[in-house]
Amino acid sequence: MSTHWSPEQVTALAPDPASLKAAEGLASPRKWVSMGQDAQTAWGECQGSGSKPYQVIIDLGEPAFHCTCPSRKFPCKHGLGLFLQLARKPDSVAAGSAPGWVGEWIAKRAERAEKAEAKAASQAEKAVDPAAQAKRAEQRHKKIMNGLAELDLWLTDLVRRGLLAAQGQGYGYWDGIAARMVDAQAPGAGRMLREMAGIPASGEGWQERLLERIGLLYLLSQGYQRLDALPEATQADLRTGLGWPVKQEEILTLPGLNDRWVVLGRRIVVDEKLKTQRSWLVGQASGNLALVLDFAFGSAPIDTSLIPGTEFDGELVYYPGAAPLRAAVKTRGSETRTAIGLPGFPSIAAGIESYAAAISANPWLETYALPLTGVTPVGGPSSLHVVDTAGDALPVAAGFQNGWELIALSGGRPLALACEWDGAGLMPVSAWVDGRLVILG
Amino acid sequence: MTNLNDSILSSALIGTERRPFTPQPGDDAAGALIGGLDSSDGERALLGAAAIAAQYQRAGSLPGKSAKKLPEPAPDETLPRVSPASAQHLMTMHNGRYTGVLLEWLEAAAGAGKRAPEESLPALLGIGAKNATLRGPIASVIGERGRWLGGLNKAWSYAAGGEDDDWQTAGTETRLALLRALRASDPEAARGLVETTWDSERAEDRVEFITCFATGLSANDEPLLERCLDDRSSKVRLAAAQMLARLPGSQLSERMIARAGAAVVLGKGARPQISVTLPEMLDEATRRDGIEDVTLSLSGASFGEKSAWLLQMISLTPPEYWCERFGKSPQDLLASAARTDEWAMLLMHGWHRAARLHGATDWLMALMSPGYVASPESLSDLPPAVQDQIILAVYDTSKFELADRLHLFEKLDHVWSRPLAEKSIKTIQELLKIKQDKRDWSSMRTLELAGYRLPPDMVEYVQLQLRPDDEGWERYAGTIRGIIDTMEFRKEMLEELSK
C-alpha cells in the first residue's frame, strides 16, 4: 500500500530552515543522475561535489532515510530534496524495480528490525541479574536520600533568610546546590533549581512564582523520602520527577493501548546541545492524550516518524504514573493516513478540567497538551489569548513567535488549535482551519 | 485562600528569622491540611504550606473571561487560495531563496485571480511595509483577510483600503489608486473629483494628484494646471509646469518654446554650428512657468545660474520643436552640439531631460550612443516593450565595449522580450570566451540578473547555449548554474500559478 506524502508534510521533516533551503535547490530532476520509486520506497543518485554520486533511499512507510553523503543532519538535504520532488510531482520520479543497492539496504533494515525485536523479546524473557540490578537501585536510592536531606536543609535555610535575600544572590547560589543534586543522581531536582535561578529576575510576580516552585520542589523531596508509603503510580512520578531514567525497551514489554492515533503536533526545544522533541497524540476512540519524547544530541537525527496531521492504527504503551501521559509507540500499522480534523476538547473549561485532574495526580507534570476544537485568537501579539464560545480565555505564552499568523488564520473566527499548556501560557503547535493543517512555531 | 498565600509569602519574603511563620488552619481541605502541619519547625511548616498552596493554585485555577472583545470577523473571500505547491514557492522565497522572484510571483498570482494563503499574509504585509514599490502587487493578492489584517496593525494600514471609498475621508494611498483608475476611464470626472477638495489638500498630495494627470492628459486639464502655477508650494508649481510642458499646444509650452527658441540658433552649411545666448535674467513670468533660480550639477558638468536657467527651459520644451524648426534629426542636432565646446553639455543635458519628460524615443535612442549622456536608466519611464526595442537598436548600431553592452541589460527591470533575451545570451557567450585571470565583478551582476529577467520558458535554450565545455565555464560555473536554477524555479512557479 503506497503512502502519499504532501509537500507540507515533507517540509515539516526538515531539521532546520537552512536544510530546507538546501533541499529546495536539489528538488529538481536535473540534479539527479537517476531516480525511481516503487510501492514502498523511493531512491535516487545525486551528483554532489565528489566523484561518485550520493545514493539516497527513502522508505515511504515511516518515512526513513538513508544517504551516503557525509552530512550529519537528518534527514539530509539529498533525502529531503528527493522527497520534495516526489511529493510535488510524483510523475517526475519513474516507477520501476529497485536497483541492487536499494534492495540491500531494505534487506539490512528488515534484518535489524528483526534483531531488535528478538532482542527486546529475549530481554523480557531473560532474567537480567536481579541481584545486581537491585543493588544498583539501592545504591542510587541511598545517594538520592542523602542528596535530598541536604536539599531540605538548603531550602529551610532559604526560607529562613527570605526570598528577598535570595534575590540578591548570584547564579552560583542556585547552581551550587543544583550541581550537588546532579551528583546525588537526582538531576530532576537540579533542573528545577537551575530554572528557579532565573525567576527572581523575571519581573512582576516573581515572588509568587518562586514560592510556587519552592513548594513543588519541597513536595518532590518530601514525597520521595516517604516513597514506600505512597502508591506505585506516585512512586513512578516521584522517580521521574527526580530524573530516574526509564529504559524504553522495558516499557515496550508492557501491554499498551490500541487505538487510532492522531498526531496533533510537535515541538522541539533545544537545551545547550540536547534536542528534545515532544510529539503529541490523541487516541480517537479512547480520547487519551499521549506524549512521545525523542532526544538527539547535537546534530544527530531526531525521529521523524510522527508527522503532524497524520493518523495511524497502533499500540502505545504509557510510562507508569498517576496521570499517564508519556508513551512510546509499540506497534504501528503500515498505513499512515492524513487525519481529518483535529480531535480535542470542545471548550477551554473541559481542557482545564482535564489538566487539573492530571496535575492533581502528578504535581510535577511540566507540560500538558490542550487540543482545543474551537477557539478564536484575540488581542495583539503582545497580549494574545484565545477565547472559546463560552467566553473563557487562556493566554498565549509570551515566547510564541507566530501571533500574527495565528490571527491571520482565524480571521476573527474560531479554529481548531493544538497547544502545549504549562499552567501559565499556551504554546500553539498546529492549527486546523478550512480543512487543512498548518504547523505553527 | 489569598489570605493564606499572603501570610506564607510575607514570611517567605523577609525570612522566618525575622517574621516567624505559624500555619493557620482553614475551613476548606487545603486549610485542614495546613492546620495539620507541625508548627514547631517554622521553616518546614512554611515549606509545607507553600507546597499545599502551590498545588491548590495550580489545580484549582480556572480560566478567566476575555477582557477584550472579539474582532469583527473578516469578510468571506472572493478569490481562491493558491495551491499548496504555490504556497511552497512563496515560502521558499520568504526563507531567503530566489527573493528577487517575489514580484513576478505576486503579479502572476494576481493575474490568475488567486490569493496568498492566510498564514503567509503577515510576512507579505511586512515586506510591503518596508518596500513601498511592492505594496500595489501585494495588495492585489492578500484577499479580504489581508485587508482585514491591514485594519488591525498600523504598520500594514496601507493594505487596509477598500472599505472607505469616500473621497473625503479615505487615506492617500486609497485616493491615489482611485484617481489613477478613474483617470483611465473618465479623466473629466477624475479632475472634477480632485477639484472638490483641492484647496484643502496637503502640498505632497497635490503633487501626487498632478502626476496622475499624466493619464488622459488633455487641454481640459489646462485651466487647473495653470492655476497650480500660482500655488504656494514650489513642488506643486514645478509638477504643474512639467505636466503642462507635456501637453501639446498648452500655453506654457508655447511660452517655453518662445524662450528657448530665442536662445538657440543653428547656423547654415554642411556642418552647421549651434550658437547659444544665455538669458540675462529670470523674470516673474518665467519663474511662474517652473524655472527655478538654482545651480545644477549633473554627470560630467555643473551649470551656474544662467546656464541652469536655460537648461531648465530646454528641458521643458518639447524636443520635436527643434527637429521641426531646424529640419534636422536628433542625431544631426546632437552632432552639431558636440562640435561646440561651450554648449555641448548644456544642450545634451537639456535635450536629455526633455526627451525623458516627453517620452521622445527617437531622441533617447540618439542620446544613448557612446559619448552622449543617456543611459539605460533614461528609458525607465517608457513601456517595457519600447525600452527593449531601443536597447536592441542601440546595441546593434553603436560601438560599445563588451562591459558596456552587458550593462545595457542591467537597468531593464522587467522580463526581457525574446529578441533582447537572445541578444543577452549571445553577449554572455562572448563574456565566457574571454581569457582573463581575474573575475570581472561588474559583469557578474548582469549574469546574476539574467536569471530573473530571461523569459523562463527559455531555460532549455539557455542550457544549450551556455554549456560546460566552453572554456570560461569554470570561472562562471556557479553563476551559470544559478541562472538556470532561478529560471527553472520561475518556470515551475508560473506553471503552478496558471493551473
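Cut-offs applied
- Residues numbered from 1 in each chain as written.
- Chains lettered and ligands numbered in written order.
- Predicted model: local features only at pLDDT ≥ 70, side-chain atom pairs only at ≥ 80, totals over all residues.
- Heavy atoms only, no water.
- Helix = DSSP H or I, 4+ residues; strand = E, 2+ residues; numbered from the N terminus.
- Buried < 20%, exposed > 50% of the residue type's maximum accessible area, 1.4 Å probe, protein only.
- Areas by Shrake-Rupley, 256 points an atom, 1.4 Å probe, with all protein chains shown as cover.
- Lys, Arg positive; Asp, Glu negative; His and termini not counted.
- Charge placed at Lys NZ, Arg CZ, Asp CG, Glu CD.
- Rg over C-alpha atoms; globule rule 2.2 N^0.38 Å.
- Contact = heavy atoms within 4.5 Å.
- Buried area = accessible area lost by both parts, 1.4 Å probe.
- Salt bridge = Lys/Arg side-chain N within 4 Å of Asp/Glu carboxyl O.
- Polar contact = N/O pair within 3.5 Å; in protein donor to acceptor, adjacent residues only side chain to side chain.
- Nonpolar A, V, L, I, M, F, W, Y, C, P; charged D, E, K, R; others polar.
- Pairing = 2+ DSSP bridges.
- Axes fitted to C-alpha atoms, helices over the stretch in contact; angles between N-to-C directions.
- Left-handed = near helix turned anticlockwise from the far one by under 90°.
- Core = buried A, V, L, I, M, F, W, Y, C linked by side-chain atoms within 4.5 Å.
- Patch = residues over 30% accessible without salt bridge, like charges linked within 9 Å, V, L, I, M, F, W, Y side chains within 5 Å.
- Parallel < 35°, antiparallel > 145°, perpendicular 65-115°, else oblique.

1. Considerations on the overall build of chain A
Scanning chain A for helices and strands turns up 13 helices and 16 strands. Along the first, second and third principal axes, the C-alpha atoms of chain A reach 75 × 60 × 45 Å. Out of the 441 residues in chain A, the part that is buried amounts to 50%. Carbon together with sulfur atoms contributes 54% to the accessible area of chain A, which is approximately 19,800 Å² in total. Of the side-chain charges in chain A, 42 are positive and 46 negative, and the distance between the mean point of each set is 7 Å.

2. Considerations on the overall build of chain B
Assigned secondary structure in chain B consists of 26 helices and five strands. On C-alpha atoms alone, chain B measures out to a radius of gyration of 34 Å, which is more than a quarter above the 23 Å that the 2.2 N^0.38 rule sets for 499 residues. With the C-alpha coordinates aligned to their principal axes, the bounding extent of chain B is approximately 120 × 70 × 50 Å. With 499 residues in all, chain B has 48% of them scored as buried.

3. Some words on the interface of chain A and chain B
One widely used convention gives an interface's size as the accessible area the parts lose upon coming together. The partner chain B presents 57 residues to the 63 residues of chain A that form the contact. Approximately 5,200 Å² of surface area, both sides summed, lies buried where chain A meets chain B, with 58% of it carried by carbon and sulfur atoms. Across the chain A-chain B interface, the total number found is nine salt bridges. Note that Arg160 of chain A is salt-bridged to Glu43 of chain B, the shortest N-O span being 3.7 Å. If you look at where chain A meets chain B, you find 25 residue pairs in polar contact (both at pLDDT 80 or more). Sort the elements by how many residues they give to the side of chain A that touches chain B and helix H9 (residues 206-225) of chain A lands first, with eleven residues. Along the lines of polarity and charge, the residues of the side of chain A that touches chain B split into 29 nonpolar, 17 polar and 17 charged. Taken together, the two bridges between strand E13 (residues 392-395) of chain A and strand E1 (residues 64-65) of chain B define a ladder with antiparallel strand orientation. Considered in E1 of chain B, the bridge of Asp392 of chain A is made with Lys65 of chain B.

4. A short note on the packing of helix H16 (residues 305-316) of chain B against helix H19 (residues 344-358) of chain B
Residue and element names in this part refer to chain B. The interhelical angle for the contact between H16 and H19, taken along N-to-C directions, is 35°, at an axis separation of 7 Å. For the pair H16 and H19, the crossing hand works out as right-handed. Together, Ser307, Leu310, Leu311, Ile314, Ser315 and Leu316 of H16 and Leu346, Leu347, His349, Gly350, Trp351, Arg353, Ala354, Leu357 and His358 of H19 make up the contact between the two elements.

5. Considerations on the nonpolar core
Counting residues in each nonpolar core, the largest one holds 99 residues, and the members touching the most others are Ile210, Ile314, Trp322, Leu347, Trp351, Trp363 and Leu454 of chain B. By size, the runner-up hydrophobic cluster in this structure holds 75 residues, among which are Leu372 of chain A together with Ala87, Ile138 and Trp156 of chain B.

6. Examining the sheet that holds strand E2 (residues 41-46) of chain A
All names here are of chain A. Across the sheet, four strands lie side by side as E1-E2-E3-E4; this open sheet has antiparallel pairing. The sheet is open, and its two borders are formed by strand E1 (32-37) and strand E4 (64-67), each paired with just one other strand. Averaged over all adjacent pairs, the angle separating strand axes in this sheet is 10°, with direction ignored. Pairing geometry for E1 and E2, over five bridges, is antiparallel. Among the inter-strand pairings, Ser34 is bridged to a residue of E2, identified as Glu45.

7. Some points on the environment of Phe489 of chain B
Residue and element names in this part refer to chain B. Looking at the secondary structure, you find Phe489 in helix H26 (residues 473-498). Separated by 230 residues in sequence, Phe489 and Arg259 place their C-alpha atoms 55 Å apart. The residues contacting Phe489, other than those within four sequence positions of it, are His89, Thr92, Met93, Tyr98 and Val101.

8. Details of a nonpolar patch on the surface
Taken together, Leu274, Phe295 and Phe297 of chain A make up a surface patch of nonpolar side chains, about 310 Å² in accessible area. With relative accessibility at 42%, the residue Phe295 of chain A sits in the partly exposed group.

9. Side note on the packing of helix H2 (residues 17-25) of chain A against helix H3 (residues 77-88) of chain A
For any two helices packed against each other, one specifies the crossing angle of their axes together with the interaxial distance. Residue and element names in this part refer to chain A. Two numbers describe how H2 lies on H3: the axes approach to 8 Å, and their chain directions differ by 60°. By the criterion of interaxial angle, the relationship of H2 to H3 is oblique. Crossing geometry of H2 relative to H3 is assigned as right-handed. For the pair formed by H2 and H3, the contact residues are Ser19, Leu20, Ala22, Ala23 and Glu24 on the first element and Lys77, Leu80, Gly81, Leu84 and Arg88 on the second. The class makeup of the residues in the contact of H2 with H3 is five nonpolar, two polar and three charged.

That's the geometry; what it means functionally is another story.
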